[in-house]
Amino acid sequence: MLTIYITESANDCAEIILSGGRTGFVPLDTKRIVANSILASFYNDWVSFVSQARQLKSLQPKNPAIDDEIMRTLVKKGAALASILFGADLPENLFMGRKSLLFSVDPAYANIPFELIEYRESFIVDSFHVLRQIRDQDARLQRPRNRADKKLFIMNSAHSSLLDNVLKEKEIVASGKEWSVIDCAHISESRFIEEIHDCRFIHFAGHTDADGIPFAHGKKIPASSISRLNLGNVDTVFFNSCFSSHQNPKMDSLAQAFVKAGVKNYIGYSLPVRNDIAAEAAALFWKSESRSIPIHRAIARMRTELKSAFGEGDLTWVILNYSGTLDGSSSSKLHSSRFRTGIFIGALLLLCSIGLLSFRFLSMNHFAGEKSVPVVPPARNQTRPQAD
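Since this is a predicted model, take the numbers as computed values, not measurements.

A. Geometry of the packing of aromatic side chains. Counted by the stated rule, this structure contains 15 aromatic pairs. Taken together through their ring pairs, the aromatic side chains of Phe153, Trp179, Phe201, Phe238, Tyr269, Phe285 and Trp286 make up a single cluster. Above the face of the Phe201 ring, Lys151 is positioned so that its terminal group lies 5.8 Å from the ring centre.

B. Examining the environment of Phe204 more closely. Following the sequence through the fold, Phe204 ends up in strand S12 (residues 201-206). Accessibility expressed as a relative area gives 0% for Phe204, which makes it buried. Distance in space between the C-alpha atoms of Phe204 and Phe238 is 6.3 Å, their sequence separation being 34 residues. Sequence-distant contacts of Phe204, defined by excluding residues within four places in its chain, comprise Ile154, Asn156, Glu169, Cys184, Ile213, Phe238, Phe239 and Asn240.

C. Layout of the environment of Lys287. Structurally, the position occupied by Lys287 is in helix H7 (residues 275-290). Relative accessible area serves as the criterion here: at 47%, Lys287 is assigned to the partly exposed category. Taking C-alpha positions, Lys287 is 8.9 Å from Ala298, a pair spaced 11 residues apart along the chain.

D. Spotlight on the pairing of strand S6 (residues 100-105). Judged by how many residues are buried, S6 sits mostly within the fold: 6 of 6 residues are covered. Because side chains alternate across S6, one face comprises the buried residues Ser100, Leu102 and Ser104, and the other comprises Leu101, Phe103 and Val105, equally buried. Here 5 bridges tie strand S1 (residues 2-9) to S6, and the two strands are oriented parallel to one another. What sits directly across from Ile4, in S6, is Phe103. Where S6 meets strand S9 (residues 129-134), 6 bridges bridge the pair, whose relative direction is parallel. If you follow Ser104 over to S9, its bridge partner there is Gln133.

Conventions we followed
- Residues numbered from 1 in each chain as written.
- Predicted model: local features only at pLDDT ≥ 70, side-chain atom pairs only at ≥ 80, totals over all residues.
- Heavy atoms only, no water.
- Phe/Tyr/Trp six-rings, centres within 6.5 Å; stacked < 30°, edge-to-face > 60°.
- Lys NZ or Arg CZ within 6 Å of the ring centre and 35° of its normal.
- Helix = DSSP H or I, 4+ residues; strand = E, 2+ residues; numbered from the N terminus.
- Buried < 20%, exposed > 50% of the residue type's maximum accessible area, 1.4 Å probe, protein only.
- Contact = heavy atoms within 4.5 Å.
- Pairing = 2+ DSSP bridges.

Functional significance is not addressed by these values, which are geometric in nature.
In structure tokens form, the structure reads like this:
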């Protein structure tokens, strides 16, 4: 995995370091300095462009000319971002042999759309699995906890305007018996914490704030409180709501909080997402999970399917962000009891087969040794008997 570190440096600048050993004959300890003002300007233009693209798509959602117009601008922005981050210092064969790219960044740079970076006349997200990690000096390693094979669907029905969409999403995602359902509008904050400590997968549908999860009567669990929990029991969290992966440099975001608490994979959106598209994204992701598809492949499939269903001009496939830890669990299979059971049974059958073959081999040698008579060669001076 190639890791791109982007950290705050002196003189109001960002320091960009590429790290990952060697690929071919190209050393990867490359460092570059970029002014924060340039990165901030790019991000502001990006947010404005996404808003304009949404307006165009809402007027003519099925018009391919609109998609083409949006994509032309998107390609320009991808080329500009690649130039800002890497300049002319990026070797052509830098990405050779790579399957995943990790952007480990300080909170100030977490909202930059790295998925958009130009690569071979397209975008890096079309060729690589793009993983994000928000660097945090207060991050700590959480203890793995005993995990219940349970899936938890969390809905927030407090906003009446979203109620129909939330209920529809519930039917799409949580219709199976393996799902438990709770509603933030009807439970306490402490009950919420109890439930997320007793599950392995979490899906959230409905309204969230960028810095926390709202409850009834104006109450809220701030992201900073979530970050102090020990959620080592949770493999994957999908927050299917607007701004669910948006980062405020001055406070914990939901993505940062859950990963800091020990969650291995977090999926969310950096900007607003349309309700019908969010529901489709949820259906695609959990369908992949039910088939034990690796999470990075599941997300790549989501991006492809969303582009196919709603057009490339709808930029949900770009604002969809995947955050996780640095260990191998971020690119491992989505863990399900069926997958682990299948691996165990397969290994057991393999061991039994090896044991049976070994037993047969030893048995054949044993019986062959009992029946065989050693042939003693005649002495040199001994005359062989003549045949009659």
